[in-house]
Amino acid sequence: MLNISLGELKSRELDIVYLDFEEKIDSIDVDGRRVKVTSPVKVEGSIANTDEGMYLDCRITTVIEDSCSRCLKNMQVEIDAQAQGFLVHKDEEEEALEGEEDVFLYEGEMLNFHNIIRDTIIISMPQKLLCSEECKGICPGCGVDLNIEECKCSKEQTDERLIDPRFEKLKDLL
Ligand SMILES: [Zn+2]
Ligand SMILES: [Zn+2]
């Protein structure tokens, strides 16, 4: 659990807190799916006092492992994302969410950075991930990875017909 204390910002002892740290996270939960985080998460930026409240502006970089949308092969995906928005106390959540700005919630005087990292990674994950533009994917018939093997589905059907032409008629009856 990664918590950042906001006490000194809130009391205005400090006007800005710089963030520069690395955090090892094994995995994040994305809609019930476990996504591996394969490189330490790097956070660089600041939280500053402004007239409208505390404002977070940071860059989050890491590498995650996800699977190709077509062939399901695991691949490394670089994440380089910006998290920007006001910090809002949990009690003022409803008001804040009506606005257009991104907000990050905190409780007490602590900002849970783990949630910010997780949400930022999820938002910046590519919706459709391809190992290559030419990825041929998996055959829906036999399940072979068409990048590695040639599918035999259509070929086998042709062979069957050659061996026994009655087979086709039989299939129609079934
Ligand atoms: Zn692929
Ligand atoms: Zn096939």
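Every value quoted in this text rests on a predicted model; they were computed, and no experiment measured them.

**Q** When you look at the coordination of the zinc ion (ligand 1) in this model, what are you seeing that I'm missing?
**A** A four-donor tetrahedral metal ideally has 109.5 degree angles, and a six-donor octahedral metal ideally has angles of 90 or 180 degrees. In the first shell of the zinc ion (ligand 1), the protein supplies C68 (SG), C71 (SG), C131 (SG) and C135 (SG), at 2.3 to 2.4 Å from the metal. Taken together, the 4 donor atoms coordinating the zinc ion (ligand 1) and their angles of 106 to 114° define a geometry best described as tetrahedral. Look at C131 and you get partly exposed, because its relative accessible area is 28%.

**Q** Is there a simple way to explain the pairing of strand 6 (residues 53-67) in this structure?
**A** On any regular strand, side chains alternate: one points to one face of the sheet, the next to the other face. Where strand 4 (residues 33-37) and strand 6 come together, 2 bridges link them in antiparallel fashion. Bridging from a neighbouring strand, K36 pairs with E65 of strand 6. Of the strand pairs in this sheet, strand 5 (residues 41-50) and strand 6 are connected by 9 bridges, and their pairing is antiparallel. Among the inter-strand pairings, S46 is bridged to a residue of strand 6, identified as D57.

**Q** Is there a simple way to think about the coordination of the zinc ion (ligand 2) in this case?
**A** Looking at the metal site, the zinc ion (ligand 2) is ligated by C139 (SG), C142 (SG), C151 (SG) and C153 (SG), spaced 2.1 to 2.3 Å from it. Considering all 4 donor atoms around the zinc ion (ligand 2), the spread of angles at the metal, 105 to 114°, places the coordination shape in the tetrahedral class.

**Q** Would you mind going over the packing of aromatic side chains with me for this structure?
**A** We describe a pair of aromatic rings using the distance from one ring centre to the other and the angle between the two ring planes. Counted under the stated rule, the structure contains 2 aromatic pairs. Ring geometry for F21 against F113: centres 5.6 Å apart, planes inclined by 80°, an arrangement best described as edge-to-face. Of this pair, F21 sits in strand 2 (residues 16-23) while F113 sits in helix 3 (residues 113-124); the two residues are 92 residues apart in sequence, bridging distant segments of the chain. On the accessibility criterion, F113 (0% relative accessible area) is buried. Aromatic side chains Y55 and F86 sit 4.9 Å apart centroid to centroid with 75° between the ring planes, which places their arrangement in the edge-to-face category. Here Y55 is found in strand 6, whereas its partner F86 is found in strand 7 (residues 74-89), with 31 residues between them in sequence. Taking the relative accessible area as the measure of exposure, Y55 reaches 25% and is therefore partly exposed.

**Q** Honestly, the environment of I121 in this entry has me stumped. Any pointers?
**A** In this fold, I121 is placed in helix 3. I121 sits in the buried class, given a relative accessible area of 0%. In the structure, I121 is positioned 57 residues away from I64 in sequence and 8.8 Å away in space, judged by C-alpha atoms. Apart from the residues lying within four places of it in its own chain, the contact partners of I121 are I28, T62, I64 and I79.

**Q** How should the pattern of salt bridges be read in this particular structure?
**A** Pairing between side chains becomes possible if they bear opposite charge and their charged atoms approach one another. Applying the stated rule across the entire model yields 6 salt bridges. Residue E65 pairs with K36 through a salt bridge whose shortest N-O separation is 3.8 Å. Highlighted residues: E65 in strand 6 and K36 in strand 4, separated in sequence by 29 residues. For E65, a relative accessible area of 19% gives the class buried.

Rules used in this analysis
Residues numbered from 1 in each chain as written. Chains lettered and ligands numbered in written order. Predicted model: local features only at pLDDT ≥ 70, side-chain atom pairs only at ≥ 80, totals over all residues. Heavy atoms only, no water. Donors = N, O, S within 2.8 Å, 3.2 Å for Na, K, Ca; no water. Tetrahedral: all angles 85-135°; square planar, octahedral: opposite > 155°, others 65-115°. Buried < 20%, exposed > 50% of the residue type's maximum accessible area, 1.4 Å probe, protein only. Pairing = 2+ DSSP bridges. Helix = DSSP H or I, 4+ residues; strand = E, 2+ residues; numbered from the N terminus. Phe/Tyr/Trp six-rings, centres within 6.5 Å; stacked < 30°, edge-to-face > 60°. Contact = heavy atoms within 4.5 Å. Salt bridge = Lys/Arg side-chain N within 4 Å of Asp/Glu carboxyl O.

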